[in-house]
Amino acid sequence: MGDPRAVGPDRLAPPLRPGLRPVEERTRVTTAELFFDVVFVFAFIQVTTLMTSEASALGVLHGLLVLTMLWWTWSLFAWLGNRVRGSYGLSRLVLLVTAPVMFVLAVNTREAFSDFPGGGHATPVVFVATFFVVRLLYLALRIYASDPLRGRDVAALLAPMLLATLLLLFSALLPGSGLDEATVRYGQVALWVLAIAVEYGAALLLPVPERAVFSAGHWTERHSLIVIVALGEVLVAVGIAGADIPNSRGLIFTSALAVVVAGALEWIYFDISALVGEHALRRADPRHRVTLARDAYSYLHLPMIAGIILLAAGLKHTPALVTAAPSYRLGAPLDDLGRYAMYGGVALYLLAHAAFQVRLSRLVLPVVWPRLVGAAVLLALLPVTGRISASRSVAWLALICVVTAITEFVVSRGQRRRLRAAVATE
C-alpha cells in the first residue's frame, strides 16, 4: 500500500470516470459504507463462534486466521472508499451488491476449514468462492476508478488476490483429499498463513498504483466505526451466551462488568488515540500520509480488532459458570481458553494501541506507559485467573481497564487539549 507514486490531499478532485465522485478532505463516512460495515457485525460474531465452537487453541487460531483475511478485505474497501464516494452512483451500487455476498461469506465462516459432521466438503469451497467474488467486485471498481493503468499496475492489484485465493482453495480441498487428520490440520494452517503473507506482504513490496488518502477525517472516522462494531461484539457475545440461561445475581453482575470493560476500551481509543490519528494524517505530506495510514490503520488496527474479538470469545464462557454458582462470589474458574482469550485479548489490544500511538506521533509518547503497564498487569494475573471464579476474573479485568483509562486520562490532559484545538483548527 506504499507506492512512491502515491498521491495525496493536494489532489482533491482526481479525474474520475462517469458514475463516480471523488472524495475530498471534507468528505465523511456515508450510509452506504455504514451498511456495508453492518455485515461485519455478523462476521465478527461468526469468527467468535468459530473460536469457541472447537474449544481448543486450534479453534482460536482458525478464528484469527479468518479474521485476518476478513480484515484485509475490509481494509481494501476502506482504501477504495477514501478514493470514491460510497454514496454515489457506481460505487454505491458495488457496495450494495457486495454486501449480500459478504454476508454469505460470513455465514460460511464457521465452516471455513471443514464442514460440520455429515455436511460433506462443500462449505469451505463456498467460502473461498464468495471470498473471490467479493475481491473481484473490489478490483473491478478499483480499476475503473483509476487512471488508465499499465500492465504491471494491474498485475500488482490482481496477482496477490489470485495467489491467495488459490492457496485458500487448496486448503478447502484438503479435508476431502484422503490425507490423515494431522496432515490436513497443519496443512490448512500453513496454506492460510501463506495466503495472508501474500496479501499483506504484497502491499509492502509491490508498487500499488495511485494509493492515496484523500480525506483524513473520512479515513479515521471509518476505522473508528469499525472499532465500535467490534466492541459491540463483546456485548453481543455475553448477551447471546446468557440468553437461554435463567437470570441470577452472578449473570447480571458479570454482564454489567462486560459493558464496563467494553466502555473502558472505547474510552482508551476515542479519548486521545482517535485525535492523534486524525491530527497526524492531516499534518503529513501526501506520501507520508499513505505510509502512516497503511502502518497505523491497515496493519496496527488488526491486532486491536483481534484483541477485542478474543475478549468476546473469552466472555462467552462466563454466563454458564456464573449462573451455576449459588452467588456471584462463588463459582468455577474460567477454563484455559476463556481466561487466556479474555486477558490476552485485552493485553493485545493495549499493546497494539501503544504501537499505534508511537507510530503516529511522538507528541503523546508520555501517555503510552499506562497501556504498557495495563498489559503487563493483565499478563501477570493470568496464573491467578485459573484459581478464582469467572465473575472475579471479569471483575479484575474491568478494574484494570478502568484504572488504565483513568490513568491515561489524567496524564494526557495537556496533550488532549492541544490536539483538540489543533484538530478543530484544521
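See above for the structure.
Residues numbered from 1 in each chain as written. Predicted model: local features only at pLDDT ≥ 70, side-chain atom pairs only at ≥ 80, totals over all residues. Heavy atoms only, no water.

Break down the overall build of the protein for me, citing the residues and quoting the values.
Counting its secondary structure elements, the protein contains 15 helices and zero strands. A compact globule built from 426 residues should have a C-alpha radius of gyration of about 22 Å, and the protein, at 22 Å, falls within 12% of that. Each of the three principal axes of the protein carries a C-alpha extent, and together these read 70 × 65 × 30 Å. Scored against the burial criterion, the 426 residues of the protein give a buried share of 56%. Considering only residue pairs separated by 6 or more positions, the protein has 84% of its internal contacts joining residues 24 or more positions apart. Here the protein has roughly 16700 Å² of accessible surface; of this, 68% comes from carbon and sulfur atoms. Counting 36 positive and 27 negative side-chain charges, the protein places the centres of these two groups 7 Å from one another. (Helix = DSSP H or I, 4+ residues; strand = E, 2+ residues; numbered from the N terminus. Rg over C-alpha atoms; globule rule 2.2 N^0.38 Å. Buried < 20%, exposed > 50% of the residue type's maximum accessible area, 1.4 Å probe, protein only. Contact = heavy atoms within 4.5 Å. Areas by Shrake-Rupley, 256 points an atom, 1.4 Å probe, with all protein chains shown as cover. Lys, Arg positive; Asp, Glu negative; His and termini not counted. Charge placed at Lys NZ, Arg CZ, Asp CG, Glu CD.)

Tell me about the nonpolar core, residues and numbers included.
Ranked by size, the top nonpolar core spans 126 residues in total, and within it Phe40, Phe44, Val66, Trp192, Leu265, Leu311 and Leu397 carry the most contacts. No other element matches helix H8 (residues 249-283), which puts 15 residues into this core. (Core = buried A, V, L, I, M, F, W, Y, C linked by side-chain atoms within 4.5 Å.)

Got a sec to walk through the side chain of Asp37? Specific residues and values, please.
Mapped onto the elements, Asp37 comes out in helix H1 (residues 31-53). On the basis of relative accessibility, which here comes to 2%, the residue Asp37 falls in the buried class. In this structure the side chain of Asp37 is engaged in a polar contact, spanning 2.8 Å, whose partner is the side chain of Trp74. Excluding residues within four positions of it along the chain, Asp37 makes contact with Trp74, Arg222, Ile226 and Val229. (Polar contact = N/O pair within 3.5 Å; in protein donor to acceptor, adjacent residues only side chain to side chain.)

Hey, could you go over helix H3 (residues 89-107) for me, with residue numbers and the actual values?
Taking 1.5 Å per residue as the helical rise, H3 with its 19 residues ought to reach 27 Å, and the 28 Å between its terminal C-alpha atoms agrees with that figure. Ala99 marks the point of greatest bend in H3, at about 25°, and the proline Pro100 comes within the next four residues. Listing the buried residues of H3 in full gives Ser91, Val94, Leu95, Thr98, Ala99, Val101, Met102, Leu105 and Ala106. Packed against the buried residues of H3 are H1, helix H2 (57-81) and helix H4 (123-144). (Expected span 1.5 Å × (residues − 1). Bend = angle between axes of the 7 residues up to and from the residue.)

Could you give me a rundown of the packing of helix H7 (residues 216-241) against helix H9 (residues 286-299), with the residues and numbers involved?
Two numbers describe how H7 lies on H9: the axes approach to 12 Å, and their chain directions differ by 5°. Here H9 runs roughly parallel to H7, going by the angle between their axes. Along its contact with H7, which presents Ala216, Trp219, Thr220 and His223, the element H9 presents Arg289, Ala293, Tyr297 and Ser298. Taken together, the residues that form the contact of H7 with H9 break down as four nonpolar, three polar and one charged. (Axes fitted to C-alpha atoms, helices over the stretch in contact; angles between N-to-C directions. Parallel < 35°, antiparallel > 145°, perpendicular 65-115°, else oblique. Nonpolar A, V, L, I, M, F, W, Y, C, P; charged D, E, K, R; others polar.)

Please provide a residue-by-residue account of the side chain of Thr27, values included.
With respect to the helices and strands, the residue Thr27 is situated in the segment before H1. Take Thr27: its relative accessible area is 9%, and that puts it in the buried class. Within polar-contact distance, the side chain of Thr27 engages the backbone nitrogen of Glu24 at 2.9 Å. Contact partners of Thr27, with chain neighbours within four places excluded, come to Arg85, Ser215 and His218.

Run through empty space enclosed by the protein, naming residues and quoting values.
Within the structure shown, the criterion is met by three cavities of 30 Å³ or more. Here the second largest cavity is characterised by a volume of approximately 70 Å³. Contributing to the lining of the second largest cavity are Glu33, Phe77, Leu80, Gly81, Val84, Gly86, Ser91, Leu95, Leu141 and Arg222. Looking at the lining of the second largest cavity, the elements that each hand over two or more residues are H2 and H3. Here the lining of the second largest cavity gets three residues from one element, more than from any other, and that element is H2. A per-class count over the lining of the second largest cavity returns five nonpolar, three polar and two charged. (1 Å grid on protein atoms, 1.4 Å probe; cavity = no way out; pocket = protein on both sides within 12 Å on 5 of 7 lines; lining within 4 Å. Points joined across faces, edges and corners; volume = space filled by probe spheres on them.)

Tell me about the packing of H7 against helix H10 (residues 301-315), and please be specific about residues and values.
Following both chains from N to C, one finds H7 and H10 inclined at 10°, their axes separated by 7 Å at the closest point. Our classification of the angle between H7 and H10 gives roughly parallel. Contact with H7, carried on its side by His223, Ile226, Val227, Ala230, Leu231, Glu233, Val234, Ala237 and Val238, involves His301, Ile305, Ile308, Ile309, Leu311, Ala312 and Leu315 of H10 and no other residues of that element. Residue composition of the contact of H7 with H10, grouped by class: 13 nonpolar, two polar and one charged.

Account for the layout of surface pockets, with residues named and values stated.
Each pocket or cavity is described by its volume, and for the largest pocket that value is around 200 Å³. Listed by contribution, the elements that provide at least two residues to the lining of the largest pocket are H2 and helix H6 (181-205). In terms of residue class, the lining of the largest pocket is built from five nonpolar, three polar and three charged.

Lay out the packing of aromatic side chains in plain terms, naming residues and giving numbers.
Counted by the stated rule, this structure contains 17 aromatic pairs. Relative to Phe409, the ring of Trp267 lies with its centre 5.8 Å away and its plane at 65°, an arrangement referred to as edge-to-face. Residue Trp267 is located in helix H8, and its partner Phe409 is located in helix H14 (residues 390-411); the two are separated by 142 residues in the primary sequence. Classification of Trp267 as partly exposed rests on a relative accessible area of 41%. Owing to a relative accessible area of 33%, Phe409 belongs among the partly exposed residues under this scheme. Here Tyr297 and Phe356 contribute two aromatic rings whose centre-to-centre distance is 5.3 Å and whose plane-to-plane angle is 90°, an arrangement assigned as edge-to-face. (Phe/Tyr/Trp six-rings, centres within 6.5 Å; stacked < 30°, edge-to-face > 60°.)

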